[in-house]
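Here is how the chains run, residue by residue.
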Amino acid sequence: MRRWPKRRKFCFEGYELDVPGHQLRRDGESVRLEPRAFDLLCHLVANRDRVVPKNELLDTVWGDRFVSDAALTTALRTARLAIGDTGRLQRLIRTVHRRGYQFVAPAVLVRSGSQAAGAGRHSGAGASTVGSPPSADRQVIRFCQAGDGTRIAYASVGTGPPLVKAANWMTHLDLEWATPVWSHWLVDLARNRRLIRYDERGCGLSDWVVPSFTFDDWVDDLESLVETIGLDRFPLLGVSQGGAVAVAYAVRHPERVSRLILAGAYARARRVRARDDTERGAADIDLELARVGWSHQDPRFLQVFASQFLPDGSRQDWEEFIAFQRRTTSPANGVRFLEEFAGIDVSAIAHRVACPTLILHSRDDGRVPATQATELAALIPDSRLVLLDSRNHLLTASEPAWGEFLAHVDAFLSE
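Treat the numbers as computed from the prediction; the structure is a model and nothing was measured.

Undergrad: Give me the lowdown on helix α3 (residues 69-82), citing residues and values where you can.
TA: Compared with the 20 Å implied by 1.5 Å per residue over 14 residues, the 20 Å span of α3 between its first and last C-alpha is a close match. In terms of burial, α3 is a largely internal element, 11 of the 14 residues being buried. If you check which residues of α3 are buried, you get Ala70, Ala71, Leu72, Thr74, Ala75, Leu76, Arg77, Ala79, Arg80, Leu81 and Ala82. Phi for Gly84, located one or two positions after α3, is positive at around 75 degrees.

Structure, rendered in structure tokens:
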């Protein structure tokens, strides 16, 4: 049951929403959008003069089919990302608490074939960015070669000064755009800057079968990427285990790293930092459970694993996380990653980081405790620590902590 004009196009902020053609275009180029999210966007734009209740959206987009609220949340997130919006920014699609959603950007309704794609480009409600937002179809994936011949996939998106993200586990340069785990990181971090990232060896689009699989290899791969791109000096971001890689690279190349940002990072793995036999035993049991769970792709373990990364996520978020992690690497490599993580220790070199460092960490992170952030802050001389009000190891787009995270990053990089 659709309630929008079927022979019309809507134009806003450089986008053209072609209803009869089932197409969303930006400056004439097609933007990929799955059908449910497309229908949701059409209904919101067509009814932009009012707040659309949640139940109306469910009836219009899914009809008589019963779906959970998580399905609506996912479709809304996908629609927002396709038009350069997020749940934090709400520049174009606004959430009205307890009432529903409203499309708030100026839009023009035209007959098919009319030219009005530029409508509202400079007058969007609360618009902070002019031009096309970062998106999957704006990135080009390339490959460089590590010293041992391993192919490393890398990509950049956005324009402006560079920000390099050290690789971490469970990434995929292409699929990240469609997962709630990473999509908002890409869109928001690439605003007004050039975000450069790559897939770790054994993961994503990089080679899965590799001659060596060590922490030093990960640091070497970052070196290969920087040399291939030809960067002289740049800020470096490390997330989770990628934080230790970023620390090691910054120590190796103090002349290259201008600023260091560590998010959910740690200096020492759980078994390394164990203080007695009880803690070492608990760490060993945790690793063995993870080894068995990944080897057999046990859905019960994978859900527990997902809940550790996103404890405040919905069941839909966990299911999408599980589906994504299965596509990022092989079960055998998943085990290899976990075994190598268990030995990470950069505590002896962290004091040699010579650049200003921002450490951001969820206060109640269940995967990597906040004590690891305080340890990093104590080890790195010119560092500052910010604890965020969250339980998630990877911050989600819908939580207030994500906006705080971005504000701290932007302020730090602009100093």
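Undergrad: Break down the nonpolar core for me, citing the residues and quoting the values.
TA: Grouped together as the largest cluster of nonpolar side chains are 94 residues, with contacts concentrated most on Leu222, Leu236 and Phe405. With eight residues, the top contributor of residues to this core is helix α6 (residues 241-252). Not counting the four nearest positions on each side in its chain, Leu236 is found in contact with Leu163, Val164, Ala166, Leu222, Ala246, Tyr249, Val257, Arg259, Leu260 and Ile261. Counting 34 residues, the second largest nonpolar core, distinct from the first, contains Leu17, Val19, Ile93 and Ala107.

Undergrad: Lay out the packing of aromatic side chains in plain terms, naming residues and giving numbers.
TA: Scanning the model with the defined rule gives 16 aromatic pairs in all. For the pair Trp182 and Trp185, a centre-to-centre distance of 5.4 Å together with 65 degrees between the ring planes defines the contact as edge-to-face. An angle of 25 degrees between the planes, with centres 6.0 Å apart, marks the rings of Trp218 and Phe337 as stacked. Of this pair, Trp218 sits in helix α5 (residues 215-229) while Phe337 is found in helix α10 (residues 331-341), placing the two residues 119 residues apart along the sequence.

Undergrad: Explain the sheet that holds strand β10 (residues 162-165) to me, using residue names and the numbers behind them.
TA: One open sheet accounts for eight strands, arranged β8-β9-β11-β10-β12-β13-β14-β15; its pairing is mixed. The two strands at the open ends of the sheet, each matched to only one other strand, are β8 (140-145) and β15 (383-388). The mean inter-strand angle of the sheet, taken between neighbouring strand axes irrespective of direction, is 20 degrees. For β8 and strand β9 (residues 151-157), the ladder comprises six bridges, and the chain directions are antiparallel. Within β9, the residue paired with Arg142 across the bridge is Tyr154. Relative to strand β11 (residues 194-198), α5 is tilted by about 135 degrees, and along the sheet it contacts β8, β9, β10, β11 and β12 (234-239).

Undergrad: I'd like to hear about the side chain of Asp217, residue by residue, with values.
TA: For Asp217, the position within the fold is in helix α5. Buried charged residue Asp217 carries no salt bridge. Nearest counter-charge: Arg201, at 4.1 Å. In this structure the side chain of Asp217 is engaged in a polar contact, spanning 3.1 Å, whose partner is the backbone nitrogen of Phe213.

Calculation notes
Counting restarts for each chain: residues are numbered from 1 in the order of the written sequence. Reporting of local features is limited, given that this is a predicted model, to residues whose pLDDT is at least 70; pairs of side-chain atoms are given and counted only at 80 or more, and all residues count toward the totals for whole chains, interfaces and linings. With hydrogens and water stripped out, all remaining heavy atoms of the structure feed into the side-chain values. Helix numbering and strand numbering both begin at the N terminus, where a helix is a DSSP run of H or I of at least 4 residues and a strand a DSSP run of E of at least 2. By this rule, a helix spans an expected 1.5 Å times one less than how many residues it contains. Working definition: with a 1.4 Å probe on protein chains only, accessible area under 20% of the residue-type maximum means buried, over 50% means exposed, and in between means partly exposed. Put simply, a nonpolar core is a bunch of buried Ala, Val, Leu, Ile, Met, Phe, Trp, Tyr and Cys residues held in one set by side-chain atoms that sit within 4.5 Å of each other. Two residues form a contact once any of their heavy atoms are found within 4.5 Å. Each aromatic pair joins two rings of Phe, Tyr and Trp (for Trp, the six-membered one) with centres within 6.5 Å, and gets the label stacked for planes under 30 degrees apart, edge-to-face for over 60, and tilted for any other angle. Two strands qualify as a pair provided DSSP detects at least 2 bridges between them. Lines fitted to the C-alpha atoms define the axes, with helices restricted to the stretch that makes contact. Angles between their N-to-C directions range from 0 to 180 degrees. In this tally, Asp and Glu contribute negative charge and Lys and Arg positive charge; neither His nor the terminal groups of the chain are included. Salt bridge criterion: a side-chain nitrogen from Lys or Arg within 4 Å of a carboxyl oxygen from Asp or Glu. We define a polar contact as two N or O atoms separated by no more than 3.5 Å, with the added condition that, inside protein, one atom must be a possible hydrogen donor and the other a possible acceptor, whereas residues neighbouring each other in sequence contribute only through side-chain atom pairs.

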